[in-house]
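What the coordinates show
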Amino acid sequence: MDAVDHKKVIEMNKEEFGKSLSANDDEILKHLPYLLQDLWELGGRPDIQLDLIKTLDLKDIKILDLGCGKGSSLIRILKHQTGKGVGTDIVEEFIEEAKHKSVEWKIDDRIEFRTEDLVETLKTERNYDVVLYGIDSDILGTIEECFESLKQTLSNGGYIIAETIYPKIETDDSIDSQEEFQRQVQKAGFVLLEEKFWDTEDIRTMNQEYTTKIVKRAQELITKYPQEKIMFEEYINSQVEECKELENDLYCVSVLCQLKS
Ligand SMILES: C[S@@+](CC[C@H](N)C(=O)[O-])C[C@H]1O[C@@H](n2cnc3c(N)ncnc32)[C@H](O)[C@@H]1O
């Protein structure tokens, strides 16, 4: 890491960082790399992102992934697509794993992974054909503000593939409805080209796999730090609750939007 101390940045943005990985307790944050060590994907859907990119028929793509986790999306996409990419994430351990995977997949000469706060990435990266972003915290503000911020990284007519959620029934006004999401995206100067709703059975299978792996690591941590047993159990319970919510109350969606030129 360069001049920026990312542990400090996480400290400053603790709440939004925690939200992005569904962790409500500050103390659990330092254990996340251990708890999530058996997962490559951290909640995103590279398969759907790739399907959406294929519809664009782009050659020599230039792609940016903000909050890239362990690099699964960029690596899988660029394995099928000519071009190059940059991925940034605030967690150093995730970026180390991403670099390792890109070497394993023999694609490291076309991807740069950096440990960086995405707010900083937005200040410097420009002229991308495609930007990937999972809207899983409020770090970039409202949907309109978020798309306004992402816009500056795009070339004319560039694309954003965003992952988001809509409520199935509009009871919780903290999550924008599909209509409100679309309204704000358009207000920020984008055309919404496609929305792919994730299949509920796929979400259930993914949740079961993630939960089994995380529970195993949480049990190891409970053995190592018995005094923190309750915290780890609460983390697991909140994961299970969130999985139920994703399966029953929310639509998970990948949206493809194009910047109006
Ligand atoms: C739900 S995960 C998704 C990761 C990846 N897109 C995937 O699907 O595997 C959200 C990611 O955002 C990262 N993140 C959260 N806040 C961030 C910030 N301020 N700057 C950079 N990355 C951040 C987290 O470390 C985490 O890897």
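Residues numbered from 1 in each chain as written. Predicted model: local features only at pLDDT ≥ 70, side-chain atom pairs only at ≥ 80, totals over all residues. Heavy atoms only, no water.

1. Section: helix α6 (residues 92-104)
Under the 1.5 Å per step criterion, the end-to-end length of α6 is 18 Å for 13 residues, consistent within 8% with the ideal 18 Å. Taken together, the buried residues of α6 touch α3 (32-35), α5 (72-79), β2 (83-89) and β3 (111-115). Within two residues after α6, Lys-106 carries a phi angle of roughly 55 degrees, on the positive side. (Helix = DSSP H or I, 4+ residues; strand = E, 2+ residues; numbered from the N terminus. Expected span 1.5 Å × (residues − 1). Contact = heavy atoms within 4.5 Å.)

2. Looking at the domain arrangement of the chain
For the chain, the assigned domains are domain 1 (22-38 + 201-247) and domain 2 (46-199 + 252-259). Taken together, the contacts link nine residues of domain 1 with nine residues of domain 2. Of the roughly 730 Å² buried where domain 1 meets domain 2, counting both sides, 60% is carbon and sulfur surface. The three residues of domain 1 that bury the most area against domain 2 are Pro-33, Ile-203 and Leu-246, which together make up 49% of that side's buried surface. Counting across the interface, domain 1 meets domain 2 through zero salt bridges. For the pair domain 1 and domain 2, the number of links is four residue pairs in polar contact (both at pLDDT 80 or more). Elements represented by at least two residues in the side of domain 1 that touches domain 2 include exactly α10 (200-224) and α11 (229-248). A per-element tally of the side of domain 1 that touches domain 2 places α10 first, with four residues. Tallied by class, the residues present in the side of domain 1 that touches domain 2 amount to five nonpolar, one polar and three charged. (Domains from an automatic or database assignment. Buried area = accessible area lost by both parts, 1.4 Å probe. Salt bridge = Lys/Arg side-chain N within 4 Å of Asp/Glu carboxyl O. Polar contact = N/O pair within 3.5 Å; in protein donor to acceptor, adjacent residues only side chain to side chain. Nonpolar A, V, L, I, M, F, W, Y, C, P; charged D, E, K, R; others polar.)

3. Quick word on the pattern of salt bridges
What the rule picks out here adds up to 24 salt bridges. One salt bridge connects Lys-99 with Glu-96, and the closest N-O pair in it is separated by 3.9 Å. In this pair, Lys-99 and Glu-96 both sit in helix α6, three residues apart, roughly one turn of the helix. One network of salt bridges, in which partners are shared, links Asp-38, Lys-216, Arg-217 and Glu-220.

4. Focus on the pairing of strand β5 (residues 154-167)
Here β5 lies mainly inside the structure; twelve of its 14 residues are buried. Examined bridge by bridge, strand β4 (residues 128-134) and β5 share six bridges and lie parallel to one another. Residue pairing for β5: Val-130 is matched across the bridge by Tyr-159. On the question of chirality, the crossover connecting β4 to the parallel β5 by way of helix α8 (residues 143-151) is right-handed. Across nine bridges, β5 lies against strand β7 (residues 250-259) in antiparallel orientation. Along β7, the bridge assignment pairs Pro-167 with Leu-250. (Buried < 20%, exposed > 50% of the residue type's maximum accessible area, 1.4 Å probe, protein only. Pairing = 2+ DSSP bridges. Right-handed = clockwise from strand over helix to strand, strands pointing away.)

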